[in-house]
Every structure is written in C-alpha cells, then in structure tokens.
Amino acid sequence: MNDDFENESPEAEASFAELFESYSAGMNENIQVGDRIRGRIISIGSSSVFVDTGTKVDGVVERSELLDDDGQLSLVLGDELDLYVVAADESEIRLSRAISGIGGLNMLRDAWEQRIPVEGKVVAVVKGGFHVEVIKQRAFCPISQMDLAYVEDPETYVGQTFPFIIKRFEERGRNVVISRRDILQKELEASRKAFMEKLDADAVFDGTVVRIMPFGAFVALAPGVEGLVHISELSWSRLDTPEEAVKVGDRLQVKVLGVKDGDKPGSKKISLSVKQAMGDPWTDAPSRVRVGDKLMGKVTRCANFGAFVELFPGIEGLVHISEMSYTRRVMRPEEVVGPGDEIMVVVKEFDLDRKRISLSIKDAEGDPWADIEEKFKPGGTVQGRVEKKEGFGVLVNLAPGITGLLPKSKIAASEKSAQIDALKPGAAITVTIDGVNPRERKISLGTGDGTDNQGWQEFSGGNTDALGTLGDQLKKALSERKKGG
C-alpha cells in the first residue's frame with residue numbers, strides 16, 4: 001500500500017494538492033470562543049447535531065438544545081443555524097445557542113471569563129432595568145443595555161428570552177450584571193461590514209425612510225447602514241419640503257451616488273438618489289406628450305416671461321406670457337397663475353432633443369373670437385361695460401375677451417353724449433354693433449340713436465335703403481323741417 005503511494009506520479013500529487021486547496025478555499029480558521037457563526041446541518045445523531053462551520057473541523061451542538069416547545073426536532077439536513085462557539089480546539093468545536101439550563105455558578109463564571117453568551121429570560125421590570133433569570137440565577141440588565149434603541153415600553157420585554165453577555169460577576173454570583181446591547185452591537189457591526197463590502201456606486205438597493213430633515217431623508221439600507229437622499233434627489237418634481245415626497249416608514253428603491261469617509265473615524269457617508277433609481281422621465285415622454293394634446297399640469301414657478309408647468313414628474317413645459325389669455329393683456333404671469341395652481345394647457349411644440357415643451361393656456365380655454373360673427377351681428381343692440389376711456393373713444397367690454405370701440409366722433413354726435421362722457425370704467429352701457437372685423441379682431445360700436453346713420457351707411461356699402469325704418473324716420477323728420485322753414 002505504501003508502495004502505491006510512493007509510486008504516485010507528480011501529476012497525481014499535483015492533482016491531490018489542487019483538490020485539497022479547493023477544499024480549504026474559503027474556510028474561516030479564525031474562530032474563537034464566544035463567536036457567533038452560521039452553519040449548515042450536515043448530520044443528525046441521537047444526541048448530537050453536526051454543523052459545517054466553514055472550517056476543516058465540523059461543529060457539534062447538543063440535540064436537546066434544538067428541540068421545540070413540544071420536545072420535537074423540527075430541523076432537517078441542510079437547515080442553517082446561528083450558534084455560539086463555547087469551546088474550540090484542533091479536533092472539536094462545541095457549539096450552543098447560548099449557555100442555558102441548570103449549570104450553577106461555575107458555569108456562569110466560565111461564561112463571564114470567556115465572554116460566552118448566556119440565555120436569559122426577562123422576569124420583571126425593576127428600577128433602572130430588568131430582573132433576568134440566567135442559568136437559574138438572578139441577574140440585572142440595565143434598561144440602557146436591553147436594546148440598541150431607546151426602550152419606550154419596558155413591559156414588552158417581560159417574558160421573552162434573549163442571549164446576554166455577562167458584564168459583571170461579583171460577590172460569588174450575588175451581583176451579576178448582563179447586557180443584550182453588546183451582542184446586538186456586535187451583530188450589527190458584522191452585518192454593516194458585510195454590507196459595506198458589496199456597496200458600490202451605481203448599485204440599487206431597497207431601503208426604508210428612518211428620519212426626515214429639512215435637507216433630505218435618511219434611508220436605512222441594512223442594519224446599521226444609512227444613507228442620505230438630498231431633497232433634490234427625492235423626486236424629479238420640484239419639492240419645497242421632503243415631506244411632499246416621502247414619510248418615515250416608506251419603502252424606497254434608491255441608487256448609490258457615492259461613498260466617502262465620514263467625520264468620525266471608520267464611518268462612511270453614503271449619498272443616495274430616488275429619482276435616478278427611477279430612470280430619466282424624458283425617455284418615454286414622446287408616448288405621453290404630443291403636440292395638440294390637452295393636459296392638466298401644475299405650475300411650479302413663474303418668471304418674467306412666463307410660467308413653468310409640470311405635466312408629469314420631471315417633465316416641465318413653459319407657458320409664454322403671450323399664451324396666457326385671449327381675454328386680456330397680461331403684463332405679469334402672476335396675474336393669471338401662481339405656483340401650485342393646477343391648470344389645463346395645450347401642447348404647442350415639443351422638442352425632445354432640447355427637452356423643451358411650449359404650452360398654451362389660452363388655446364386650452366378656446367378663442368372667444370372663433371364664432372364672433374355669430375355672437376355679434378351688425379345692427380344688433382348689446383349690453384356692455386366701460387373698460388377704458390381713451391382720447392379716440394371708449395373701449396367697451398362686450399364679453400370675456402371681446403372688446404369693441406365706440407369712437408369719439410359718434411359720442412360727440414350723439415344725443416346721449418353727456419351721459420356717455422359721465423360714465424366711469426365698469427359702468428353699464430348699451431351700444432349697437434356697427435361692424436365686425438374678425439381678421440383684425442375689431443368691433444365698431446354705435447350709440448344706438450339717430451346719429452349712427454352715417455356709420456350704418458358706411459357699413460352697408462352706401463345703400464341707404466339698407467337703413468330700413470330708421471332711414472325712413474330720418475327722411476320724414478328732414479322733410480317736415482323744410483316745410484316748416
């Protein structure tokens with residue numbers, strides 16, 4: 001048999017070395033008493049369960065420790081367990097969920113000296129902390145050592161069983177102080193280290209909003225790992241406060257923008273973005289915004305030349321001041337809209353390459369001059385209001401966006417000139433429609449008395465017969481005047 005090994009070829013020796021190397025690769029030999037490890041069950045015996053520890057030596061845990069409340073072993077081959085190392089040498093690694101049960105003061109002292117976790121049941125709330133039963137012995141856990149976070153309701157811990165570390169063992173076991181926080185902190189640091197090793201820029205993670213500040217929101221990516229989403233990265237929409245986009249407890253998908261050293265040694269600052277995890281909203285903009293579409297939008301800000309309107313998150317267009325109203329002359333955008341207003345607009349132009357959209361409010365409302373000849377026919381009498389008095393006449397508002405001119409010459413020739421001159425802006429006035437020019441958006445008005453005769457002749461093309469009854473009455477009045485003379 002020895003001859004067979006002596007006759008092994010160099011190739012076979014190399015192959016065996018490679019096999020051994022591959023078997024050993026990835027094994028963690030740096031296991032110490034008190035360490036918490038995760039292992040996979042590889043064998044279940046009548047009194048012991050064997051676990052792959054990731055080293056060349058398998059771990060063993062008492063089967064009785066793994067039984068459920070009914071005394072049954074619900075675990076099977078391949079299941080993974082979190083266990084503590086209670087003893088280790090070259091030939092054996094003893095594992096335990098935590099030192100528990102009946103063991104007396106000696107076992108408690110050993111656990112303290114070797115910093116091996118012990119299992120304890122919280123019995124009651126006492127002044128400054130908790131009364132915990134550990135290996136049938138009484139121990140005290142300060143309230144600050146029960147959890148990582150502030151304990152708001154101590155009663156919620158009563159009746160629960162946790163692993164603890166013995167912090168103080170004095171007076172032959174009559175003064176035992178324990179801590180759960182130390183164990184949680186150690187687990188947290190291990191989890192944080194493992195997460196940070198795989199944290200790269202541009203990586204995308206799911207996280208939870210844990211707190212909100214005026215400048216942004218902090219998001220927990222993993223236990224003990226938080227990053228900041230600046231307010232400008234919370235949404236493609238413009239935000240005044242982070243609360244407009246998120247609240248504490250929200251689950252978010254975030255993209256890592258960068259990682260740099262923090263102010264404290266060993267700490268890291270992680271910059272995150274919600275909007276960049278969503279992708280560029282302009283990518284699918286052509287399928288959502290088309291020229292001629294009538295859309296509802298929200299005014300985000302006003303400038304001297306117009307108002308910016310958000311159509312979809314991250315997609316804004318501009319309503320130029322000239323596109324704000326058919327019905328009046330707008331000098332400042334704030335005369336029509338303000339930030340936060342929801343308005344209807346029509347898409348006039350869409351330039352995807354430049355990411356620019358031209359919008360119109362007045363087209364969405366409709367052109368009041370579109371059917372002007374149907375609304376205001378020459379010869380008709382209408383009620384209007386004095387809009388403005390100028391040197392050349394009075395501007396009369398007939399309907400929203402429709403203004404006509406009552407010329408000064410007609411006012412002077414009218415029997416009602418004094419009354420018309422006395423009218424103030426906003427006062428009601430009755431006028432006649434002398435002429436309508438839709439192309440130039442002009443309406444000529446008359447006073448409605450006989451002095452409008454010349455205007456009617458001009459509008460009717462010089463045909464006096466077209467004056468009808470009014471012309472006949474004027475002829476009769478002139479004839480009677482001549483006879484009297």
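These remarks concern the structure in this document. (Residues numbered from 1 in each chain as written. Predicted model: local features only at pLDDT ≥ 70, side-chain atom pairs only at ≥ 80, totals over all residues. Heavy atoms only, no water.)

The subject of this paragraph is the overall build of the protein. When helices and strands are counted, the protein shows eleven helices and 25 strands. Taken across its 485 residues, the protein has 35% of its residues classed as buried. Across the protein, contacts joining residues at least 24 apart in sequence account for 55% of those joining residues at least 6 apart. Here the protein has roughly 29000 Å² of accessible surface; of this, 48% comes from carbon and sulfur atoms. (Helix = DSSP H or I, 4+ residues; strand = E, 2+ residues; numbered from the N terminus. Buried < 20%, exposed > 50% of the residue type's maximum accessible area, 1.4 Å probe, protein only. Contact = heavy atoms within 4.5 Å. Areas by Shrake-Rupley, 256 points an atom, 1.4 Å probe, with all protein chains shown as cover.)

Membership of the largest hydrophobic core comes to 21 residues, with the highest contact counts inside it found for L221 and L272. For this core, the secondary-structure elements that each account for two or more residues are β11 (204–213), β12 (216–222), β13 (225–230), β14 (251–261) and β15 (268–273). Discounting chain neighbours no more than four positions away, the residues touching L272 are V219, L221, G227, L228, V229, H230, E233, V254, K255, V256 and L257. (Core = buried A, V, L, I, M, F, W, Y, C linked by side-chain atoms within 4.5 Å.)

Note that strand β1 (residues 36–44) and strand β2 (residues 48–52) share four bridges and pair antiparallel. Paired with S43 across the two strands is F50, which belongs to β2. The hairpin turn running from β1 into β2, its antiparallel successor, is three residues long. With four bridges connecting them, β2 and strand β3 (residues 59–62) associate as antiparallel partners. Considered in β3, the bridge of F50 is made with V60. Taken together, β2 and the strand that follows it, β3, pair antiparallel across an intervening segment of six residues, in which G54 is found at a positive phi of about 85 degrees. (Pairing = 2+ DSSP bridges.)

Okay, helix α4 (residues 181–197) next. Here α4 contains 17 residues, and its C-alpha end-to-end distance of 24 Å stays within 8% of the 24 Å for a straight helix at 1.5 Å per residue. Residues I183, L184, L188 and F195 constitute the buried set of α4. Within α4, the buried residues cover an arc of 130 degrees as seen down the axis, which keeps them to one side. For α4, the exposed residues set more than 90 degrees away from the buried face come down to K193 and E197. Buried positions along α4 lie against β4 (80–88), β9 (161–170), β11, β12 and β13. (Expected span 1.5 Å × (residues − 1). Arc of directions from axis to C-beta.)

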